[in-house]
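# Descriptive structure summary
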Amino acid sequence: MPTAPPGLVLSIQNVTKVYPTEPPVHALAGVSLDVANGELLAVVGPSGSGKSTLLHVIGTLDRPTSGDVVIAGHSVNSLTDRQLSSLRARHIGFVFQQFHLLNGYTAMDNVADGLLYTGMGLYDRREMAAHALVRVGLGARLMHTATKLSGGEKQRVAIARALVGRPAIVLADEPTGNLDTKTSDSIVELIEELHDEGASIVVITHNREIAERFPRTIALRDGLIESDDRNGRGTG
Amino acid sequence: MARTDLAPSRLHIGDLGRTASVGLRTRKMRAGLSALGIMIGIAAMVSVLGLSESSKWDLLAKLDRLGTNLLTVQAGQGIGAGSGQLPEEAAGMVARIAPVEATSSISGVDANVYKNDLIPSGQTGGVSVQAVDVNLLDTLGGRIADGAFLTEATADYPTVVLGAVAAQRLGISDVDDQPLVWLGDQWFAVIGVLEEFELSPNLDRAALVGVTASERFLGHEPVADSIYVRTNPEFVDDVMDVLPASANPQNPEEIEVSRPSDALEAREAASDAFTTLFLGLGAVALLVGGVGIANVMVISVLERRAEIGLRRALGATRRHVAVQFLGEALLLAVIGGIGGVLLGVGVTAIYASSQGWAILVPTLAWAGGLGAAILIGAIAGLYPAMRASRLSPTEALRTS
């Protein structure tokens, strides 16, 4: 049974992912990575380097072809599909480039949906959602529908949704990809603040400038880790 | 050691309702139109069943009023069927059958009736003259529109009571002015006009005179050619069996016995056939509505791949996704079903009250309508729901 050293929220060992196309695509060619509790790191790399696949595998949206993934102490390989859903519901938060908000819903209900599949009641979900929105600076936008929010506000809602359940790890896939520079900066600042408050966050980005602001930067190329730099502020 | 303490993903039933209605709330027009398909089908079925029930109730009320215990005894006519006249003693014999409560004979008179003595003899207006017993009205359950029916007293004199159609053709609507008609080369006083007979419409086109009067003034030999028989309702079939032999012991096969209320029931049976036809059409409409819902749901699954991906990322299991889309299809169908039941009841109410019928919508119609809607919704939603649940989260999220 694979185990993770104490203090790690994520540990992956020799993970490969092969897409059975013709010819087969080796999206991940043997990646090992440990993420400590409370760590903030960026995964950078050009298109096709395997960033998104890595995020999907870490996020249990996809299973690795080989290798072990242990998240919050749970070994993904030994879990059923339903258990993986449960793992995502309780221990993993996602932030997407396209925000993926439900347009007909208010900001609060979008955030509350982050807790939908945990079985928590609507009243409690909304209360926690309101707190999370206040935390990301949208206390005045609770009842605005998603369509009435700006891009930056939408991403803040999405971040609040990822964090509302206090997951072990938050995975952000190009969180600033659809935002202008100024708004990007504010989102990166928010991510840094949340990290300072103890959240473990993995940010996938093709933007090296953003990546270098974070304490740890992992560069991917052709499905392999090219470099793993600690920028002097990291936890390890 | 790896942890195994993982509580399963859960979705409360109330939250299921909320997630299932997302698509309806965000795409109201489309939802409305696809529910409309189901609504039309259900409304057609409910109103057809409702109208059929209401008209059946009307028939039953009519039969209840007129009774199903009225029988007609006639002499067969035509080759090998007899003379067309009943034996002289037939009426008396029939009256002696124990369960027979009343009998009343009519006998066709060879005379014509005109508005006055100036009308050419060919223009009879199709009005026949019948010599009738004074209890005819009671036996048939007929009603007087104006004036009075023949009595023992008036039946001996040149007086006549007109059937509804006959009165119309002779231009007489009431007896206030003591109108006369030219009947068999003689003036007869019109003392009454009848309402339509529901069980013996042939009498509507007749001028009815008393038996004695027909003998005295028209030279008629009153041999009955029809006898109306009212029996104890319990023994209608028994009486029908013995009537031919009682009316004509020598040649019972020459006697025709019929039950006029059968004609009403036959008419209802014919309209039942139409009910079946319209029910079939309603079922087709329902099927088309179901296909419409399936179509909309399939499109919805394609359009909402990102939402499906998001929900999987938020922790939804395949089953949660399937149930959400199945629930949405069911919701559409139930909305259409409820709308259809209301519309169907409305149509029934409006039409039935315009016909003076009671408004009856059988439980089977509305409960069955709702049941059918739910079933259609479930079937229509099954395939899209399976498709949605089989979508891999990464594939679903890849849509930008």
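See above for the structure.
Residues numbered from 1 in each chain as written. Chains lettered and ligands numbered in written order. Predicted model: local features only at pLDDT ≥ 70, side-chain atom pairs only at ≥ 80, totals over all residues.

### Digging into the overall build of chain A
Each helix and strand in chain A was counted, giving seven helices and ten strands. At 17 Å, chain A has a C-alpha radius of gyration in line with the 18 Å of a compact globule built from 236 residues. Considering only C-alpha atoms, chain A reaches an extent of 50 × 40 × 40 Å along its principal axes. For chain A, buried positions account for 54% of its 236 residues. In chain A, of all internal contacts separated by at least 6 residues, the share reaching a separation of at least 24 is 70%. (Helix = DSSP H or I, 4+ residues; strand = E, 2+ residues; numbered from the N terminus. Rg over C-alpha atoms; globule rule 2.2 N^0.38 Å. Buried ≥ 20, exposed ≤ 12 C-beta atoms within 10 Å, placed from the backbone. Contact = placed C-beta atoms within 7 Å.)

### Quick look at the environment of S173 of chain B
All names here are of chain B. Inspection of the secondary structure puts S173 in the loop between α6 (164–169) and β7 (180–183). Counting along the chain gives 27 residues from S173 to D146, while the straight-line C-alpha distance between them is 8.0 Å. Apart from the residues lying within four places of it in its own chain, the contact partners of S173 are A167 and V193.

### Things to note about the packing of helix α9 (residues 261–303) of chain B against helix α12 (residues 363–390) of chain B
The axes of two packed helices give the description: the angle between them and the distance between them. Residue and element names in this part refer to chain B. Between α9 and α12, whose axes approach to 9 Å, the crossing angle comes to 25°. The angle between the axes of α9 and α12 places the two elements in the roughly parallel class. Crossing of α9 over α12 shows right-handed handedness. Each of L286, G289, G290, I293, A294, M297, V298 and V301 in α9 lies in contact with α12, whose residues at this interface are A372, I376, G377, I379, A380, G381, Y383, P384, R387 and A388. (Axes fitted to C-alpha atoms, helices over the stretch in contact; angles between N-to-C directions. Parallel < 35°, antiparallel > 145°, perpendicular 65-115°, else oblique. Left-handed = near helix turned anticlockwise from the far one by under 90°.)

### Regarding unusual backbone geometry
The step from E22 of chain A to P23 of chain A runs through a cis peptide bond, and the omega angle for that step is 0°. Examined against the element boundaries, P23 of chain A turns out to sit in the loop between β1 (8–19) and β2 (25–36). The residue D185 of chain B is not glycine, and still its phi comes out positive at about 60°. With respect to the helices, strands and loops of the structure, D185 of chain B is situated in the loop between β7 and β8 (187–194).

### Topic: the interface of chain A and chain B
Between chain A and chain B, the residue contacts involve 34 residues of the former and 30 residues of the latter. Every element with two or more residues in the side of chain A that touches chain B is listed here: β5 (74–75) and α2 (81–91) of chain A. The greatest single-element share of the side of chain A that touches chain B, amounting to eight residues, is contributed by α2 of chain A. Split by residue class, the side of chain A that touches chain B holds twelve nonpolar, 17 polar and five charged. (Nonpolar A, V, L, I, M, F, W, Y, C, P; charged D, E, K, R; others polar.)

### Concerning helix α1 (residues 13–20) of chain B
Turning to α1 of chain B, its buried residues number three or more, namely D15, T19 and A20 of chain B. With its buried residues spanning 135° around the axis, α1 of chain B presents them on a single face. When the buried face of α1 of chain B is taken as reference, the exposed residues oriented beyond 90 degrees from it are I13, G14 and G17 of chain B. In this structure, the buried residues of α1 of chain B make contact with α4 (122–135) of chain A together with α2 (22–26) and α11 (318–354) of chain B. (Arc of directions from axis to C-beta.)

### Things to note about the environment of P362 of chain B
Residue and element names in this part refer to chain B. Within the secondary structure layout, P362 lies in the loop between α11 and α12. When the C-alpha atoms of P362 and L51 are compared, they prove to be 9.7 Å apart, with 311 residues separating the residues in sequence. When sequence neighbours within four positions are dropped, the list of residues in contact with P362 reads L49 and E53.

### What to know about the pairing of strand β4 (residues 66–71) of chain A
Residues and elements named next belong to chain A. With five bridges joining them, β1 and β4 adopt antiparallel strand pairing. Paired with T16 across the two strands is S66, which belongs to β4. By the bridge criterion, two bridges tie β4 to β5 in an arrangement that is antiparallel. Opposite V70, over in β5, you have S75 as the bridge partner. Between β4 and the antiparallel strand that follows it, β5, lie two residues; A72 among them carries a positive phi value of about 50°. (Pairing = 2+ DSSP bridges.)

### Let's talk about the sheet that holds β5 of chain A
The four strands are arranged β2-β1-β4-β5 (chain A) in an open sheet whose pairing can be described as antiparallel. Each of the sheet's edge strands pairs with one partner strand only, and the pair in question is β2 and β5 of chain A.

### Re the sheet that holds strand β8 (residues 201–205) of chain A
Residue and element names in this part refer to chain A. The sheet built from six strands is open, its strands ordered β6-β7-β8-β3-β9-β10 with mixed pairing. Looking along the sheet, the strands with just one partner apiece sit at the ends: β6 (92–95) and β10 (224–230). Neighbouring strand axes in the sheet, compared pairwise and without regard to direction, differ in orientation by 20° on average. By the bridge criterion, four bridges tie β6 to strand β7 (residues 169–173) in an arrangement that is parallel. Within β7, the position partnered with I92 by the bridge is I169. Against the sheet, helix α5 (residues 151–163) makes contact with β6 and β7, and its axis sits at roughly 170° relative to β6, the strand it touches most.

### Quick word on the environment of G151 of chain A
Residues and elements named next belong to chain A. Assignment of secondary structure puts G151 in helix α5. Given 15 C-beta atoms within 10 Å, G151 falls into the partly exposed group. A sequence separation of 32 residues divides G151 from T183, and the C-alpha atoms of the two residues are 8.2 Å apart. Other than its neighbours up to four places away in sequence, G151 contacts N178, L179 and T183.

These results come straight from atomic positions and should not be treated as a statement about function.
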